[in-house]
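Okay, here's what each chain looks like letter by letter:
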Amino acid sequence: MSVPTESTYLGLSGADPAAPRVVEARMLTKIYGTGGAQVTALDQVSLAVSRGQFVAVMGPSGSGKSTLLHCLAGLDTPNSGSVFIAGKDLARMNDRQLTAVRRDQLGFVFQAFNLLPQLTAEENILLPLRLAHRKPERDWYNAVIDSLGIGDRLEHRPSELSGGQQQRVAVARALVGRPEVIFADEPTGALDSASAASLLETLARMCEALGQTVVMVTHDQNAAGATNRIVRLRDGRIVGDDAVARPAGQHAAPAAAMQGVR
Ligand SMILES: Nc1ncnc2c1ncn2[C@@H]1O[C@H](COP(=O)(O)OP(=O)(O)OP(=O)(O)O)[C@@H](O)[C@H]1O
């Protein structure tokens, strides 16, 4: 019989011990409402995600997936427990520091693409950096555009792009600032199945080739084929945390531009 370690107790066993932990949640509890209307959306959830992991968070409706994502991303505050992003405790930050972490270290992708219709794809992608008065790193920018396959769509406005292309632009916008982690909430929810599969493959490649870390809430059963870890929630608790085995190099980067930009 294996002896439980602190890691198993804390639910941190899915992290790769050799890679730096980018996201770590310890004993997160989130309760909505009071009295009879009280809902425990998260019940002492612990999770550690290592650099380069592509994690799918799955589970039935109401199991706490979005609440977990929002707490990890500092968009919601847990009642108890802690969240660390790249080793920094979100609870110890003031509003300004939290805003800076969200802006500089986190990327977000949602089901709705949230692109500004009057801007071109490239202007949409570069908008967060412009607002932060930052310049794009050219090699990284080129690698992101290349791997998402949207190089010939940069001058188009969102209305001139397919849903799949719009979501790729939204992913590029989330990636362009080289965030520590991308949080994605149902990113394939509005896509047809071919576009959804292609987006998942691309995200997987970005994790493998660029060392990007992605935590994604999804109902998409095909996610199992693209991610390398599936965390399952039920009633606010983690009931499964499985590594997804795949042959080495399945997501090998085709783009030469990806080399040397880590
Ligand atoms: N703002 C809120 N006020 C009250 N209850 C909430 C709030 N947000 C979520 N809940 C409740 O918390 C529980 C978890 O909700 P959450 O949205 O995290 O689930 P989910 O797994 O993401 O569901 P879905 O797959 O349907 O999006 C549910 O019972 C939900 O009704």
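Residues numbered from 1 in each chain as written. Predicted model: local features only at pLDDT ≥ 70, side-chain atom pairs only at ≥ 80, totals over all residues.

Caption draft 1: Main features of the overall build of the protein. The helix and strand inventory of the protein stands at 7 helices and 10 strands. Burial statistics for the protein: of 262 residues in total, 40% are counted as buried. (Helix = DSSP H or I, 4+ residues; strand = E, 2+ residues; numbered from the N terminus. Buried ≥ 20, exposed ≤ 12 C-beta atoms within 10 Å, placed from the backbone.)

Caption draft 2: Focus on the packing of helix 5 (residues 138-148) against helix 6 (residues 163-175). The contact between helix 5 and helix 6 brings their axes to 10 Å, and the two run at 155 degrees. Here helix 5 is positioned roughly antiparallel relative to helix 6, judged by the angle of their axes. For the element pair helix 5 and helix 6, the recorded crossing hand is right-handed. When helix 5 is examined against helix 6, the residues Val144, Ile145 and Leu148 are found in contact with a partner set consisting of Arg168, Val171, Ala172 and Leu175. Partitioned by chemical class, the residues of the contact of helix 5 with helix 6 number 6 nonpolar, no polar and 1 charged. (Axes fitted to C-alpha atoms, helices over the stretch in contact; angles between N-to-C directions. Parallel < 35°, antiparallel > 145°, perpendicular 65-115°, else oblique. Left-handed = near helix turned anticlockwise from the far one by under 90°. Contact = placed C-beta atoms within 7 Å. Nonpolar A, V, L, I, M, F, W, Y, C, P; charged D, E, K, R; others polar.)

Caption draft 3: Inspection of the site of the ligand at higher detail. Around the ligand, a shell composed of Tyr32, Gly33, Val39, Ala41, Gly59, Ser61, Gly62, Ser63, Gly64, Lys65, Ser66 and Thr67 is seen. Of all the secondary-structure elements, those providing two or more residues to the shell around the ligand are strand 2 (39-50) and helix 2 (65-72). Looking at the shell around the ligand, the element that brings in the most residues is helix 2, giving 3 residues. (Near = placed C-beta within 6 Å.)

Caption draft 4: Summary view of unusual backbone geometry. Phi angles above zero are rare outside glycine, and Asn114 is one such case at about 55 degrees. For Asn114, a count of 13 C-beta atoms within 10 Å gives the class partly exposed.

Caption draft 5: Expanded view of the nonpolar core. Grouped together as the largest cluster of nonpolar side chains are 66 residues, with contacts concentrated most on Val57, Leu72, Ala172 and Val215. In terms of residue count, the dominant contributor to this core is helix 7 (residues 193-210) (9 residues). Sequence-distant contacts of Val215, defined by excluding residues within four places in its chain, comprise Val23, Val49, Val55, Val57, Leu69, Leu72, Val181 and Phe183. (Core = buried A, V, L, I, M, F, W, Y, C linked by C-beta atoms within 7 Å.)

Scope: geometric values only; no functional claims are made or implied.
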